[in-house]
Amino acid sequence: MKLITSKDNPLYKDLKQLAASSQARRRAGQTLLDGVHLAQAWLQHRGAPQLCVVAESAQHHPEVAPILAECERSRAQCLVLSDNLYGAVSQVENGIGLLLLVATPNPKAPQALDKSAVLLDGLQDPGNLGSLLRSAAAAGIGQVFCAPGTAAAWSPKVLRAGMGAHFVLDIYENADLERLCAGSKIPVLATSSHAAQTIYQCDLSGEAAWLFGHEGQGVSPHLMEMASQEVVIPHLGEMESLNVAAAAAVCFFEQVRQRTAGD
């Protein structure tokens, strides 16, 4: 493995720019996966990375060494950075010292919604988005459509919050939610505190698309009108609403409960 100790090395400069700039990542079509857990999840679900980068002091760490060996077996390029250089690239405090450079997945969007999915209209907080993706993946939902104005799904903060969920989902950014709602072959459900029917009264035994919006403003009025049905999550405490990631989890797992009730 090549050891880089100079901050003037061209490859190191590229890595540092990718780590610092979302625009650079979008232009390059590449994503950095920082940390052992994300690296393991990528290798399990997606295969070899474009590049494996390890801090010099972490080469023989018991969690890092097997990942390095797997990357070398798959003929992925592996690179060692001196600790001070690695520290300038990594965004994880007190991390072990491993990251992967991968091509950002860019799946071809379906023409119409025909299986359970999530539609996101301007969700802003990276932690909320990552948590929502994790719940969707755990609930067996395979597709997530992010409208323009939604937080960047492949940003470092969203990736860390998602805990590997990205790698088992098809994520479509800059999606046209109006077109998807208009042509949907399955019900499009939106949560609303004004809805008459609760999610527990709603038939969720089949496929459904869930529509969620901005943390403060919610789903845009035009998209809300395009939803097949509005449903409410009942609660007893004196709170106006749930956090959007928590609300999504309640919805997803009520759907799981209904779909597995006969098992």
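Use the structure listed above.
Calculation criteria
- Residues numbered from 1 in each chain as written.
- Predicted model: local features only at pLDDT ≥ 70, side-chain atom pairs only at ≥ 80, totals over all residues.
- Heavy atoms only, no water.
- Core = buried A, V, L, I, M, F, W, Y, C linked by side-chain atoms within 4.5 Å.
- Buried < 20%, exposed > 50% of the residue type's maximum accessible area, 1.4 Å probe, protein only.
- Helix = DSSP H or I, 4+ residues; strand = E, 2+ residues; numbered from the N terminus.
- Contact = heavy atoms within 4.5 Å.
- Pairing = 2+ DSSP bridges.
- Axes fitted to C-alpha atoms, helices over the stretch in contact; angles between N-to-C directions.
- Arc of directions from axis to C-beta.
- 1 Å grid on protein atoms, 1.4 Å probe; cavity = no way out; pocket = protein on both sides within 12 Å on 5 of 7 lines; lining within 4 Å.
- Points joined across faces, edges and corners; volume = space filled by probe spheres on them.
- Nonpolar A, V, L, I, M, F, W, Y, C, P; charged D, E, K, R; others polar.

J.: Could you give an account of the nonpolar core, naming the residues involved and the relevant values?
T.: The biggest cluster of nonpolar side chains holds 71 residues, and the ones touching the most others in it are Leu81, Val118, Leu120, Trp210, Phe212 and Phe252. In terms of residues, this core owes the most to one element, helix α3 (residues 36–45), which gives six residues. Apart from the residues within four sequence positions on either side, Val118 is in contact with Leu132, Ala136, Ile141, Gln143, Val144, Phe145, Trp210, Phe212 and Phe252. Core analysis: the next-biggest nonpolar cluster, separate from the first, contains 19 residues, Ala117, Ala175, Val188 and Leu223 among them.

J.: Before we move on, could you go through the sheet that holds strand β11 (residues 229–231) and cite the residues and values that matter?
T.: Strands sit in the order β8-β7-β6-β10-β9-β11 across an open sheet of six strands; the sheet is parallel. Bordering the open sheet on either side are β8 (170–172) and β11, each of which pairs with just one other strand. Averaged over all neighbouring strand pairs, the angle between strand axes comes to 25°, with direction disregarded. Against the sheet, helix α6 (residues 126–138) touches β6 (117–121), β7 (143–146), β8 and β10 (209–213), its axis set at about 165° to β6. Along the sheet, helix α10 (residues 244–259) contacts β6, β9 (188–191) and β10; its crossing angle with β10, the most-contacted strand, is approximately 170°.

J.: Mind laying out helix α1 (residues 10–20), listing which residues take part and the relevant values?
T.: Looking only at α1, the buried set comprises Tyr12, Leu15, Leu18 and Ala19. Projected onto a plane normal to the axis of α1, the buried residues spread over an arc of 125° and lie on a single side. In α1, those exposed residues whose orientation departs by more than 90 degrees from the buried face are Pro10 and Ala20.

J.: Talk me through empty space enclosed by the protein; I want residue IDs and the actual numbers.
T.: Think of a ball as big as a water molecule: rolled over the atoms, this probe shows where empty space is left. Inspection of every chain in the model, using the stated rule, returns one cavity of 30 Å³ or more. Approximately 120 Å³ is the volume attributed to the largest cavity. Around the largest cavity, the lining is made up of 15 residues, and of these Leu32, Asp34, Gln91, Pro156 and Arg160 lie nearest the centre. Elements that contribute at least two residues to the lining of the largest cavity include exactly α1, β2 (30–34) and α7 (156–162). Residues belonging to the lining of the largest cavity are distributed by class as follows: ten nonpolar, two polar and three charged.

J.: Provide a residue-level description of the layout of surface pockets, including the pertinent values.
T.: Put simply, the largest pocket is a space of about 650 Å³. Lining the largest pocket are 24 residues, and of these Thr191, Ser192, Ser193, Ser241 and Leu242 lie nearest its centre. At three residues, the largest contribution of residues to the lining of the largest pocket is made by β10. The class makeup of the residues in the lining of the largest pocket is ten nonpolar, twelve polar and two charged. Put simply, the second largest pocket is a space of about 410 Å³. Elements supplying a minimum of two residues to the lining of the second largest pocket: α2 (22–28), β2 and β8. Considering each element in turn, the lining of the second largest pocket owes the most residues, three residues, to α2.

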